[in-house]
Amino acid sequence: MKQSIYLALCASTLLHAQVPALLPIEKRTFSQSQFIPDISLIVDTSFASRNKNQDDLQGLSVPGITDYAFGTGHGYSPNNGFNFNYSELILSANVDPSFSLEATFHFTQESVEIDEAYFTNTTLLQGLRLRGGQFLSDVGRLNNQHPHFWDFNEAPLIYQGFLGAENLSEIGLQAQYTLPLDEYVMLGAEILQGKSENFGYESLTLSNGDKIKGAAAPSMLVAYVKTSFDVGNTTVMPGASYIYGKHYTRNSYDAHEIAFDGSSSVYNLELTIKHYFDSYSFISWQSEWMRLEKKGDEYHVEDASLSSEVYKQKIIQEGIYSQLVYASNTNTRYGLRYESIYTNSYAFTEVDLPSTPYNRYSAMVEYHFSEFSRLRLEYSQNDALYSQSANTFEKQNIHSLIVSLNLSIGAHGAHDF
């Protein structure tokens, strides 16, 4: 009996030595389970069939649109046959009552990159949201959306050509303020470092030793206004965006080296109209217009032993896309899209560029097994791609049939309406 009492007292002493672990959850200073990040994984695969073999497809590009070439961009299915397009790993959690943190890692068979990694704060002022780190800019309608949310396999021509093959993702600071009005009106501004494909601030050294001095960073400014209002069962979402930044690029072809030193401006207008027939079916019309202007000096080097020839350059490029998507129920959707770059004007060029417009036409049908899995069949005719030999261009009409499967697991937040 005494031995039993002694053992009970010892056990009680050991248990009380672990008091912090036995405290009720609401009295602890830290709960690990509340701070484990939400995790999701998205995988996109496809099978592609085209009217050109793989060798003929390589090197095709849109004339004068330096950032668009065949096989670039997320979700493009660059190979005939099977493609592992990408996988996205997303981590997100609240840091504390003031900050949340989110990161998206983009995996392909060739590389791993940080697509986004940013903090968000919404506590400084009612209606104000601050974001900092690396993030997709909110310019336009599509830029801040990840590829698995697009209605078609690729971003439009104007996005890939004017903003970069993988949209505008930059390091910087973003501020958005929602006005205290009955209707939704949001004003936004971004200060960005300027290291994307179409905007850059770093200095360049040409093959002949000439140097182009870079700009002071950050070198990009973005501003936009977006609004939304309802008319019965129809939601109308217009918006306007503007980008300004320094632009330094370098390209080489046919033993020529060309570098551009100047500034770039992008003007964007967007309009989305979405009408719901009932809780399960809708029709959505979405369109954007974009204009890119570049002004500055263009350096030409033909021989490393010679000085650069410098030309005053002004480039104006304009384009649009317009798409219609109909959802007959929660599972099935149908879509049509038309894209065009109809202006491609250079103040100076050594070659005669093919006349515009450069067009692409797409049609798709997709089936959603659930909100976590989607099968899509898409056909596109691309009349914007050309092959180049010496100073001549030859148009290549590319017909593509792509079957893609997109799967996601884990927690995944809602996207914009």
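Quick note: structure is the one above.
Conventions we followed
- Residues numbered from 1 in each chain as written.
- Predicted model: local features only at pLDDT ≥ 70, side-chain atom pairs only at ≥ 80, totals over all residues.
- Heavy atoms only, no water.
- Helix = DSSP H or I, 4+ residues; strand = E, 2+ residues; numbered from the N terminus.
- Polar contact = N/O pair within 3.5 Å; in protein donor to acceptor, adjacent residues only side chain to side chain.
- Contact = heavy atoms within 4.5 Å.
- Core = buried A, V, L, I, M, F, W, Y, C linked by side-chain atoms within 4.5 Å.
- Buried < 20%, exposed > 50% of the residue type's maximum accessible area, 1.4 Å probe, protein only.
- Pairing = 2+ DSSP bridges.
- Salt bridge = Lys/Arg side-chain N within 4 Å of Asp/Glu carboxyl O.
- Phe/Tyr/Trp six-rings, centres within 6.5 Å; stacked < 30°, edge-to-face > 60°.
- Lys NZ or Arg CZ within 6 Å of the ring centre and 35° of its normal.

### What about the side chain of S340?
Inference 1: Here S340 is to be found in strand β15 (residues 332-346).
Inference 2: At 2.8 Å, the side chain of S340 forms a polar contact with the side chain of N359.
Inference 3: Setting aside chain neighbours within four positions, we find S340 in contact with I158, E318, G319, I320, P357, Y358 and N359.

### Looking at the nonpolar core
Inference 1: Counting 35 residues, the largest nonpolar core has Y159 and I243 as its most contacted members.
Inference 2: For this core, the secondary-structure elements that each account for two or more residues are α4 (157-162), β7 (184-192), β10 (220-231) and β13 (282-301).
Inference 3: If you tally residues by element for this core, the top one is α4, at 4 residues.
Inference 4: With residues near it in sequence (within four places) discarded, I243 still touches V139, L163, L168, F199, M220, L221, V222, S264, S265 and V266.
Inference 5: Ranked by size, the runner-up nonpolar core spans 8 residues in total, among them I212, Y248, A259 and V301.

### As for the pairing of strand β12 (residues 256-276)
Inference 1: Pairing between β12 and β13: 20 bridges, direction antiparallel. Directly across from I258, in β13, lies its bridge partner H300.

### Here's the deal with the pattern of salt bridges
Inference 1: Counted by the stated rule, this structure contains 10 salt bridges.
Inference 2: For E270, the salt bridge is made with K226, and the minimal N-O distance between the two is 2.7 Å. You can see E270 sitting in strand β12 and its partner K226 sitting in strand β10, a full 44 residues away along the chain.
Inference 3: The exposure class assigned to K226 is buried, which follows from its relative accessible area of 12%.
Inference 4: Ionic pairing is found between E339 and R360, a salt bridge with its closest N-O pair at 2.9 Å. Of the two residues, E339 sits in strand β15 while R360 sits in strand β16 (residues 358-370), which places them 21 residues apart along the sequence.
Inference 5: Judged by its relative accessible area of 0%, E339 is buried.

### What about the packing of aromatic side chains?
Inference 1: Tallied over the entire structure, the rule returns 11 aromatic pairs.
Inference 2: Relative to F282, the ring of Y276 lies with its centre 5.4 Å away and its plane at 50°, an arrangement referred to as tilted.
Inference 3: With a centroid separation of 6.4 Å and an interplanar angle of 15°, the aromatic rings of Y326 and Y334 are classed as stacked.
Inference 4: Judged by its relative accessible area of 40%, Y334 falls in the partly exposed class.
Inference 5: Taken together, the aromatic side chains of F277, Y326 and Y334 make up a single cluster linked through ring pairs.
Inference 6: Across the ring face of Y224, the terminal group of K226 is positioned such that the distance to the ring centre comes to 5.6 Å.
Inference 7: When the ring centre of F282 is taken as origin, the NZ or CZ atom of K274, which lies over that ring, is 4.4 Å away.

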